[in-house]
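What follows is the residue order along each chain.
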Amino acid sequence: MAIPFNKPHLTGKEAHYMYQAVYNGKLSGNGEFTKKCQQFFESRYGFKKCLLTTSGTDALEMCAMLCDLKPGDEVIVPSYTFVSTALAFLREGAKVVFADSMNRNPNLDAETLETLITPRTKVIVPVHYAGVACDMDAIMSIAEKHNLLVVEDAAQAIDSYYTSNIKHRTLPLGGIGQLAAFSFHETKNITAGGEGGLLVVNDERFIRRAEIIWEKGTNRAEFFRGEVNKYGWVDTGSSFLPAEINAAFLWAQLENLDEIQNKRKQLWNCYYEQLKPLAEKGCFAMPDIPDYATNNAHMFYLTLPSLEARTALIRHLKENGILAVFHYLSLHSSPFYHDKHDGRQLPNCDRYADTLVRLPMYYDLSMDEVSAICTFIGLFCQMYVKKEDQIGRFRN
Ligand SMILES: *Cc1c(COP(=O)(O)O)cnc(C)c1O
């Protein structure tokens, strides 16, 4: 048996739409397929303005540029996240202030958030880890009180929602902060042919500048709408738009979004039902989904009692042909950042960095394969618990 950690899914229409994009005679960005994809997000989720980007990282960089940071401005980012979340803001000259995760799940801890705010704080960047919403009512209230921007890193959060008690409504993730970034990397639920992303602008004040930054600092978009009679260099920016061929690939996936999501959720539930009894015995903890959040089945993860237990589980699965992986190393103690960090301990972040493991999760995984993986995890628990009990070490 060989079960990879991830396998990109093809709906079958990708090549057809890519062929169409090529024969449309327009290969560069902002063509028909780009517009179709952007419109899809605007109408399905009510996002004000969407711009496709070449990656999620690029969408985050656009967010950081739009925040118009000055040297010394502070941006609050969870330490338990992908490098890009922090790097995008660091590149704009900001000081990154790392926040801890919650105890119950890896998302930013809103309860201690306010203690990190100083007069220089400008932005909070909640990351919806595994597509599960952060406590956005709490985060948005704190941001409003201190007049801060909120940029959602929704890279993993396509088609996931937050139930707001304040607004008495269910809100799509990526539609809550002033700005948000999605990723269509091949490891995400849907992909733009390997790399891709989306900038979401929810606050109208940022739309004009977003279009300019997207198009190398020019007012090209206004020119094509006939709003100005020539276009030129008006601001900072870069080339953030993907080629049409990538947008065409993405369109094939978006057309099948509901089917992809349904299948992923079935697999996720299959894992959940089979692993729950083991979790109840204390072998590991299950993923946490608060009442205010939905599950978009981006990821199935477990947290083990210790680093040793996680290492042993990954090894045991690998010996049986199953590739499970861990991530993220705490950013606050990374080689690049540790000497810039203010020295605060971030214990929940470090705990997830040591103990979280991600199980295989992709559209073409079968229920039988999920069951096989769960069986091997069950065997591991029996062996590991017995061994740890003998040396009196098993932590329940
Ligand atoms: C995947 C991911 C990114 C980066 O997206 P890319 O498209 O790979 O550049 C950023 N943040 C988080 C939380 C991610 O999971």
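Right above here is the structure, for reference.
Let me sum up the structure you'll find in this document.

Thresholds applied
Residues numbered from 1 in each chain as written. Predicted model: local features only at pLDDT ≥ 70, side-chain atom pairs only at ≥ 80, totals over all residues. Heavy atoms only, no water. Pairing = 2+ DSSP bridges. Helix = DSSP H or I, 4+ residues; strand = E, 2+ residues; numbered from the N terminus. Near = heavy atom within 4 Å. Polar contact = N/O pair within 3.5 Å; in protein donor to acceptor, adjacent residues only side chain to side chain. Areas by Shrake-Rupley, 256 points an atom, 1.4 Å probe, with all protein chains shown as cover. Axes fitted to C-alpha atoms, helices over the stretch in contact; angles between N-to-C directions. Parallel < 35°, antiparallel > 145°, perpendicular 65-115°, else oblique. Left-handed = near helix turned anticlockwise from the far one by under 90°. Contact = heavy atoms within 4.5 Å. Nonpolar A, V, L, I, M, F, W, Y, C, P; charged D, E, K, R; others polar. Buried < 20%, exposed > 50% of the residue type's maximum accessible area, 1.4 Å probe, protein only. Disulfide = S-S within 2.5 Å. 1 Å grid on protein atoms, 1.4 Å probe; cavity = no way out; pocket = protein on both sides within 12 Å on 5 of 7 lines; lining within 4 Å. Points joined across faces, edges and corners; volume = space filled by probe spheres on them. Phe/Tyr/Trp six-rings, centres within 6.5 Å; stacked < 30°, edge-to-face > 60°. Lys NZ or Arg CZ within 6 Å of the ring centre and 35° of its normal.

The next subject is the pairing of strand 7 (residues 169-172). Bridge analysis of strand 6 (residues 161-164) against strand 7 gives 4 bridges, and the strand direction is antiparallel. Residue pairing for strand 7: Thr163 is matched across the bridge by Thr170.

The environment of the ligand is made up of 16 residues, and the closest members are Gly56, Thr57, Asp153, Ser183 and Lys188. A distance of 2.5 Å is found between an oxygen atom of the ligand and a side-chain nitrogen or oxygen belonging to Thr57. The separation between an oxygen atom of the ligand and a polar side-chain atom of Ser183 is 2.7 Å. Contact with the protein chains covers 93% of the free accessible surface of the ligand, which is 390 Å².

Orientation of helix 2 (residues 32-45) relative to helix 8 (residues 244-255), taken along the N-to-C sense of each, is 40 degrees, at an axis distance of 8 Å. Put simply, helix 2 runs oblique to helix 8. Here helix 2 and helix 8 pass one another in a crossing that is left-handed. Contact residues: Glu32, Phe33, Thr34, Lys36, Cys37, Phe40 and Phe41 in helix 2; Glu244, Ala247, Ala248, Leu250, Trp251 and Leu254 in helix 8. Of the residues in the contact of helix 2 with helix 8, the class split is 9 nonpolar, 1 polar and 3 charged.

Here we take up helix 3 (residues 56-66). Burial runs high along helix 3: 10 of the 11 residues are buried. All of the buried residues in helix 3 are Gly56, Asp58, Ala59, Leu60, Glu61, Met62, Cys63, Ala64, Met65 and Leu66. If you follow the buried residues of helix 3, they end up packed against strand 1 (49-53), helix 4 (83-90), strand 5 (149-153), strand 8 (179-183), strand 9 (197-201) and helix 6 (207-214). One side-chain oxygen of the residue at the start of helix 3 lies 3.4 Å from the amide nitrogen of Thr57, identifying that residue as Ser55. In the segment just after helix 3, Asp68 is the residue with positive phi, at about 55 degrees.

Further remarks concern the state of the cysteines. Evaluated as defined, the whole model comprises 0 disulfides. Unpaired in terms of disulfides, Cys381 finds its nearest cysteine sulfur in Cys283, a separation of 3.4 Å.

Here we take up unusual backbone geometry. At His168, a residue that is not glycine, the phi angle is positive and equals roughly 50 degrees. Here His168 is to be found in the loop between strand 6 and strand 7. Phi at Ala297 is positive, roughly 55 degrees, even though this residue is not glycine. By relative accessible area, Ala297 is classed as buried at 0%.

Here we come to empty space enclosed by the protein. Using the criterion set out here, one finds 5 cavities of 30 Å³ or more in the structure. As a volume, the largest cavity reaches approximately 80 Å³. What lines the largest cavity is a set of 13 residues, among which Lys7, Pro8, His9, Lys188 and Asn189 lie closest to the centre. Residue composition of the lining of the largest cavity, grouped by class: 4 nonpolar, 5 polar and 4 charged. The computed volume of the second largest cavity comes to approximately 60 Å³. Along its surface, the second largest cavity is lined by Phe5, Asn6, Thr187, Arg264, His298, Met299, Phe300, Arg358, Leu359 and Met361. By residue class, the composition of the lining of the second largest cavity is 5 nonpolar, 3 polar and 2 charged.

The 7 strands lie next to each other as 1-9-8-5-4-2-3, forming an open sheet whose pairing is mixed. A single partner strand is all that each edge strand has here, and the edge strands are strand 1 and strand 3 (95-99). Taken over all neighbouring pairs, the strand axes of this sheet differ in orientation by 25 degrees on average, direction set aside. Pairing analysis gives 3 bridges linking strand 5 to strand 8, with the strands arranged parallel. Residue pairing in the sheet places Val151 in a bridge with Leu179 of strand 8. Sitting on the sheet, helix 2 is in contact with strand 1 and strand 9, with an inclination near 135 degrees to strand 1.

The subject of this paragraph is the packing of aromatic side chains. Across all of its chains, the model carries 24 aromatic pairs by this definition. Of the aromatic side chains, those joined through ring pairs into one cluster are Phe40, Phe41, Tyr45, Phe47, Tyr161, Phe182, Phe184 and Trp251. A cation over a ring is seen here: Arg310 above Phe326, with NZ or CZ 4.1 Å from the ring centre. One residue, Arg351, lies across the ring of Tyr352, its end atom 4.7 Å from the ring centre.

Moving on: the environment of Ile212. For Ile212, the location among the structural elements is in helix 6. We classify Ile212 as buried; its relative accessible area is 4%. Taking the C-alpha atoms as reference, Ile212 lies 7.9 Å from Thr236; in sequence the two are 24 residues apart. Excluding residues within four positions of it along the chain, Ile212 makes contact with Gly217, Thr218, Asn219, Val234, Asp235 and Thr236.

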